[in-house]
Amino acid sequence: SKTPVRVAVTGAAGQIGYALLFRIASGEMLGKDQPVILQLLEIPDEKAQNALKGVIMELEDCAFPLLAGVEAHSDPLQAFKDTDYALLVGARPRGPGMERADLLAANAQIFTAQGKALNAVASRNVKVLVVGNPANTNAYIAMKSAPDLPAKNFTAMLRLDHNRAASQLAAKTGTAVGDIKKLTVWGNHSPTMYADYRFATTNGKSIKDLVNDQVWNADTFLPTVGKRGAAIIAARGLSSAASAANAAIDHMRDWALGSNGEWVTMGVPSNGEYGIPAGVVFGFPVTTAGGEYKIVEGLEIDAFSQERINITLAELQGEQDGVKHLL
Ligand code: NAI
């Protein structure tokens, strides 16, 4: 059988962690033949560490054949030791009266420390997925704090937006979500993201032609996908967790095992594609194979799309400017 790989998860005692760890341990992320060692990080706070102990007891009680070990940590230098995959879920949520700048600064502190720790102790091929918000900017901070690791190994989660868009389009076209291909979401994981179905097909038919309604696109579809997180908070009283964990599994599985030629959306550092300045962690259409992702190039960007891309890029550059002095 295969040698176990090490998977670090931060914020492991949080609600996404609770929906995520059991699926990683059951083999849904890296394959049903790949043993894993979970290296879990929580803040040193006693309550969080106790909650983490409880989660570990439950992981043990699942008796997952692929779970080759579980570790609890409060220090990123230990949690990230030799890790092959790092899912950075834990982040500082916006508290009452907290300004955007405070939020950025609090998270900059967390993700500089974690980037440095990855740089010092992780596998040189570590694949990093940042889930904790603001995800793109946190990924950017971690990447900048880890100069000895390849920048391309730092990614942010746009997959939940991608999956939300796919589900809305399946409902609109009356087709199965699994038949939808070539969908993408450009930009920031925030309400400014641009879910783009101009190239998408369902059962081989153009979704743009099937929908044929630009007003629905601009006034219904984009706001629905963009504000879906808020709609879930309003309904559930808690932010999306199971669907976020599911998207994290999808992102890592496709990156590790390949997308079989299909497009998926990942937030990745630009190399200048589509005029996005190099280094900006931006949602792009990618295909994945052999453990590497490749940005889909050469797509036409029409005036409406360019306007949307400019908006989400401007927001991201604003966030980046807001943390520059902290890096
Ligand atoms: P939660 O509050 O239930 O759990 C977060 C956990 O992270 C807590 O247990 C906390 O103690 C821990 N934590 C905080 N700072 C940490 C640090 N420096 N090191 C290790 N652990 C730390 O939150 P939830 O619902 O699990 O969400 C986690 C993050 O994911 C939030 O930032 C949320 O906004 C984000 N999110 C991102 C999505 C995306 O699509 N990119 C979708 C949904 C949520």
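Here the structure is a predicted model, which means the values were calculated and not measured.

Cut-offs applied
Residues numbered from 1 in each chain as written. Predicted model: local features only at pLDDT ≥ 70, side-chain atom pairs only at ≥ 80, totals over all residues. Heavy atoms only, no water. UniProt positions renumbered as here; feature names shortened; annotations may be inferred. Buried < 20%, exposed > 50% of the residue type's maximum accessible area, 1.4 Å probe, protein only. Contact = heavy atoms within 4.5 Å. Pairing = 2+ DSSP bridges. Helix = DSSP H or I, 4+ residues; strand = E, 2+ residues; numbered from the N terminus. Right-handed = clockwise from strand over helix to strand, strands pointing away. Salt bridge = Lys/Arg side-chain N within 4 Å of Asp/Glu carboxyl O.

*Asks:* Quick rundown of the UniProt feature "binding site: substrate" (unreviewed entry) in the chain? Include the residues and the values.
*Replies:* UniProt's entry tags Arg94, Arg100, Asn133 and Arg164 with the feature "binding site: substrate" (unreviewed entry), counted in the numbering of this structure. In terms of the greatest pairwise C-alpha distance, the residues named above, spread along 71 residues, do not form a single cluster, extending to 25.5 Å across. Given a relative accessible area of 40%, Arg100 falls into the partly exposed group. Those residues in contact with Arg100, other than ones at most four positions away along the chain, are Arg94, Glu315 and Glu319. On the basis of relative accessibility, which here comes to 40%, the residue Asn133 falls in the partly exposed class. Ignoring any residue separated from it by four or fewer positions in sequence, one finds Asn133 in contact with Ala91, Arg92, Asn107, Asn138 and His189.

*Asks:* Help me get a handle on the pairing of strand 3 (residues 67-73), residues and values and all.
*Replies:* On a regular strand, one side chain projects to one face of the sheet and the next to the other, so that they alternate. Looking at chain direction, strand 2 (residues 36-41) and strand 3 are connected through six bridges and run parallel. The residue bridging Leu38 from the neighbouring strand is Val70, located in strand 3. With helix 2 (residues 46-61) bridging strand 2 and its parallel neighbour strand 3, the resulting β-α-β unit is right-handed.

*Asks:* So what's going on with the environment of Ala120? Residues and values would help.
*Replies:* If you trace the backbone, Ala120 turns up in helix 4 (residues 100-121). Along the primary structure Ala120 and Leu77 are separated by 43 residues, whereas in three dimensions their C-alpha atoms are 7.6 Å apart.

*Asks:* Give a detailed account of the pattern of salt bridges, specifying residues and quantitative values.
*Replies:* Two side chains that carry opposite charge are able to pair once their charged atoms sit near each other. Tallying each qualifying case throughout the model produces 13 salt bridges. Of the charged contacts in the structure, one is a salt bridge between Glu28 and Arg23, with a shortest N-O distance of 2.9 Å. Here Lys324 makes a salt bridge to Asp321, at a shortest N to O gap of 3.0 Å. Judged by relative accessible area, Lys324 falls into the exposed class, the value being 52%.

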